[in-house]
Amino acid sequence: MKRDELGDLAAFLTVAEERSFTRAAALLGTSQSSLSHTVRRLEDRMGLRLLTRTTRTVVPTEAGEQLAETLRPAFNDIRSRLDALGAMRHAPGGTIRITSIRHAAETILMPAVKGLMQSYPDINIEISVDNRLIDLVNERFDAGVRLGEHIEKDMIALKIGPEMRMLVVASPDYFARHPKPATPHDLTQHRCINLRLSTVGGLYAWEFEKDGKPLNVRVEGQFICNDVEMIIDAALGGFGLACLPDDYLLPLIREGKLVPVLEDWSPPFPGYHLYYPSRRLASPAFSLLVNALRYRS
């Protein structure tokens with residue numbers, strides 16, 4: 001495509017959207033006669049009539065409407081990119097809305113955004129704590145934080161934390177009264193604390209893997225809860241075995257308050273990721289957030 005052809009297409013789209021050569025010429029800073037000549041040149045080149053002109057109205061023909069629908073997304077994207085480049089001349093600002101599960105928000109997101117807000121007072125951060133998998137576009141979020149394995153394939157995913165493992169733990173007091181399980185099958189002989197999944201309402205089936213072979217186990221026990229902190233509290237109290245991501249448990253394991261078992265059945269999986277739509281045009285503020293959250297091992 002030649003350079004003047006792109007200008008002709010932009011001129012045509014303006015006329016088609018304004019339905020007026022007068023208004024379009026004012027927007028483009030040109031004369032009506034020059035604009036009319038530009039559109040006729042485009043029609044001649046394409047061999048199609050694109051606009052129906054009367055003394056009072058200008059209406060796109062069927063071919064003109066199809067061309068306008070083709071051009072509109074491309075030119076909108078160009079305008080957005082130019083606006084974003086223009087914004088780089090000024091201090092980063094604006095509001096960034098993020099959805100995150102609570103633990104990631106507390107341990108990864110908040111430390112990063114605190115530093116960002118202190119350095120850039122014009123950047124506003126809104127964090128919505130929610131365990132659901134959110135449709136970012138429909139619910140008008142800029143980004144979300146979830147485990148990497150739960151992110152849709154059409155999203156850009158940025159690693160913001162290390163790999164994780166599901167660990168089975170119990171208190172020393174519990175293991176003083178019960179033998180440690182040697183395999184996941186032994187869990188049927190133990191009291192286990194079930195996690196009620198907030199997203200689907202069912203109970204979490206404990207997931208294991210060894211030698212590349214996965215194994216899911218349905219467990220039973222006295223206590224069921226949909227809150228991780230309460231499950232940890234129950235495990236500390238000796239009410240049974242719990243199976244949770246290791247980043248919740250490692251400090252308590254190091255302190256000797258919880259004892260891990262079946263570690264050879266617990267391979268790592270992708271940890272927390274920041275995800276956002278693949279077509280998103282990053283603002284300077286959002287680019288700073290991405291850089292602040294990027295995981296550096």
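Refer to the preceding data block for the structure.
Because the structure is predicted, anything quoted here is derived from the model rather than measured. (Residues numbered from 1 in each chain as written. Predicted model: local features only at pLDDT ≥ 70, side-chain atom pairs only at ≥ 80, totals over all residues. Heavy atoms only, no water.)

Chemist: Help me out: how do you make sense of the packing of aromatic side chains in this one?
Modeler: Centre-to-centre distance and the angle between the planes together describe a pair of aromatic rings. Tallied over the full model, the rule gives 2 aromatic pairs. Look at Tyr 174 and Phe 175: their rings are 5.7 Å apart centre to centre, the planes differ by 75°, and that puts the pair in the edge-to-face class. Overall, Tyr 174 belongs to the buried group, its relative accessible area being 0%. Classification of Phe 175 as buried rests on a relative accessible area of 12%. With a centroid separation of 5.0 Å and an interplanar angle of 80°, the aromatic rings of Tyr 276 and Phe 286 are classed as edge-to-face. Residue Tyr 276 is found in strand β14 (residues 272-277), and its partner Phe 286 is found in helix α9 (residues 284-293); the two are separated by 10 residues along the sequence. The positively charged end of Arg 97 is found above the aromatic ring belonging to Phe 141, 4.2 Å away from the centroid. (Phe/Tyr/Trp six-rings, centres within 6.5 Å; stacked < 30°, edge-to-face > 60°. Buried < 20%, exposed > 50% of the residue type's maximum accessible area, 1.4 Å probe, protein only. Helix = DSSP H or I, 4+ residues; strand = E, 2+ residues; numbered from the N terminus. Lys NZ or Arg CZ within 6 Å of the ring centre and 35° of its normal.)

Chemist: What is the right way to look at the pairing of strand β10 (residues 213-217) in this model?
Modeler: Side chains on a regular strand alternate between the two faces of the sheet. Taken together, the 5 bridges between strand β9 (residues 206-210) and β10 define a ladder with antiparallel strand orientation. Along β10, the bridge assignment pairs Glu 209 with Pro 214. (Pairing = 2+ DSSP bridges.)

Chemist: Help me out: how do you make sense of the nonpolar core in this one?
Modeler: By size, the foremost hydrophobic cluster in this structure holds 61 residues, and its most contacted members are Leu 187, Trp 206, Leu 241, Leu 249, Tyr 272 and Leu 274. Ranked by residues supplied to this core, first place goes to helix α5 (residues 102-119) with 6 residues. Ala 11, Phe 21, Leu 35 and Val 58 belong to the second largest nonpolar core, which has 19 residues in total. (Core = buried A, V, L, I, M, F, W, Y, C linked by side-chain atoms within 4.5 Å.)

Chemist: What is the right way to look at helix α2 (residues 21-28) in this model?
Modeler: Along an α-helix, residues three or four positions apart point the same way, because every turn accommodates 3.6 residues. Among all positions of α2, only Phe 21, Ala 24 and Ala 25 are buried. Projected down its long axis, α2 carries its buried residues within an arc of 100°, all on one side. Facing away from the buried side of α2, by more than 90 degrees, are the exposed residues Ala 26 and Leu 27. Two or three places before Thr 22, at the opening of α2, Ser 20 has a side-chain oxygen 3.2 Å from that residue's backbone nitrogen. Taken from the residues just after α2, Gly 29 is the one with a positive phi, measuring 70°. (Arc of directions from axis to C-beta. Polar contact = N/O pair within 3.5 Å; in protein donor to acceptor, adjacent residues only side chain to side chain.)

Chemist: When you look at the sheet that holds strand β7 (residues 166-170) in this model, what are you seeing that I'm missing?
Modeler: Backbone-to-backbone hydrogen bonds pair the strands of a sheet. The strands run either parallel or antiparallel. If you trace the 3 strands from one edge of the open sheet to the other, you get β12-β7-β13, paired in antiparallel fashion. Of all the strands in the sheet, the pair left with one neighbour each is β12 (242-245) and β13 (259-261). Direction aside, neighbouring strands of the sheet carry axes that sit 45° apart on average. Looking at chain direction, β7 and β13 are connected through 3 bridges and run antiparallel. Each bridged residue has a counterpart across the sheet, and for Val 169 the counterpart in β13 is Pro 260. (Axes fitted to C-alpha atoms, helices over the stretch in contact; angles between N-to-C directions.)

Chemist: Is there a simple way to explain helix α8 (residues 246-254) in this structure?
Modeler: Three or more residues of α8 are buried, namely Asp 246, Tyr 248, Leu 249, Leu 252 and Ile 253. Seen from one end, α8 has its buried residues packed into an arc of 140°, which puts them on one side. Residues of α8 that are buried make contact with α5, β7, α7 (228-236), β12, β13 and β14. One or two steps after α8, the chain reaches Gly 256, where phi turns positive at roughly 80°. (Contact = heavy atoms within 4.5 Å.)

Chemist: Sorry if this is basic, but what is going on with the environment of Tyr 248 here?
Modeler: Here Tyr 248 lies in helix α8. Residue Tyr 248 is classed as buried on the basis of its relative accessible area of 16%. When the C-alpha positions of Tyr 248 and Ser 36 are compared, they lie 68 Å apart, and in sequence the two are 212 residues distant. With sequence-adjacent residues up to four places away left out, Tyr 248 is seen in contact with His 103, Val 228, Glu 229, Ile 232 and Tyr 272.

Chemist: Hey, could you run me through the environment of Ile 160 in this one?
Modeler: Structurally, Ile 160 can be placed in the loop between β6 (155-159) and β7. Each C-alpha atom, one on Ile 160 and one on Gly 7, is 43 Å from the other, the two residues being 153 residues apart in sequence. Excluding its chain neighbours within four sequence positions, the residues that come into contact with Ile 160 are Ile 108, Val 145, Tyr 272, His 273, Leu 274, Leu 293 and Tyr 295.

Chemist: Help me understand the packing of α7 against α8 in this model?
Modeler: Helix packing geometry: the angle between the two helix axes and the distance between the axes. Between α7 and α8, the least distance of the axes is 11 Å, while the angle of their chain directions is 30°. Relative to α8, the element α7 is oriented roughly parallel. Crossing of α7 against α8: the hand is right-handed. Residue-level inspection shows Val 228, Glu 229, Ile 232 and Leu 236 of α7 in contact with α8, the latter providing Tyr 248, Leu 249 and Leu 252. Along the lines of polarity and charge, the residues of the contact of α7 with α8 split into 6 nonpolar, no polar and 1 charged. (Parallel < 35°, antiparallel > 145°, perpendicular 65-115°, else oblique. Left-handed = near helix turned anticlockwise from the far one by under 90°. Nonpolar A, V, L, I, M, F, W, Y, C, P; charged D, E, K, R; others polar.)

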